[in-house]
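Close look at the chain arrangement
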Amino acid sequence: MLDPNPQNGQKKLLLVLGAMLAITVIIGIVATVASP
């Protein structure tokens, strides 16, 4: 099961991982700001 366009798949994977990391960072910032 070879991907005909592995570069595109890798880019998509990096984009998903980047989005997850960004969401985690944003949640952390919001929690820090919201905490008294």
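Treat the numbers as computed from the prediction; the structure is a model and nothing was measured. (Residues numbered from 1 in each chain as written. Predicted model: local features only at pLDDT ≥ 70, side-chain atom pairs only at ≥ 80, totals over all residues. Heavy atoms only, no water.)

1. Thoughts on the overall build of the protein chain
Using the following cut-off: Where helices and strands are cited, they refer to DSSP runs of H or I of at least four residues and of E of at least two residues respectively, numbered from the N terminus. The rule is simple: take the accessible area with a 1.4 Å probe, protein chains only, and divide by the maximum for that residue type; under 20% is buried, over 50% is exposed, in between is partly exposed. Method for areas: the Shrake-Rupley scheme with a 1.4 Å probe, in which residue coverage is limited to the protein chains shown.
What the protein chain contains, in helices and strands, is one helix and zero strands. The buried share among the 36 residues of the protein chain stands at 0%. Entry remark: accessible area of the protein chain is about 3,600 Å², with carbon and sulfur atoms responsible for 75%.

2. Section: the UniProt feature "transmembrane region" (unreviewed entry) in the protein chain
Let me state the cut-off plainly: UniProt positions are given in the numbering used here, feature names are shortened, and annotations may be inferred rather than shown by experiment.
The feature "transmembrane region" (unreviewed entry), as given by UniProt, occupies residues 12–34 in the numbering adopted here. Helix makes up 100% of residues 12–34 and strand makes up 0%, while its end C-alpha atoms are separated by 33 Å.

3. Notes on a nonpolar patch on the surface
The test is simple: Residues form patches when they are more than 30% accessible in relative terms and have no salt bridge. Like charges link within 9 Å. Nonpolar side chains (Val, Leu, Ile, Met, Phe, Trp, Tyr) link within 5 Å. Salt bridges are identified by distance alone: a Lys or Arg side-chain nitrogen within 4 Å of an Asp or Glu carboxyl oxygen.
A cluster of nonpolar side chains, contributed by Leu13, Val16, Leu17 and Met20, occupies part of the molecular surface with about 390 Å² of accessible area. You can see Leu17 is positioned in helix 1 (residues 6–34). Note on Leu17: relative accessible area 47%, which makes it partly exposed.

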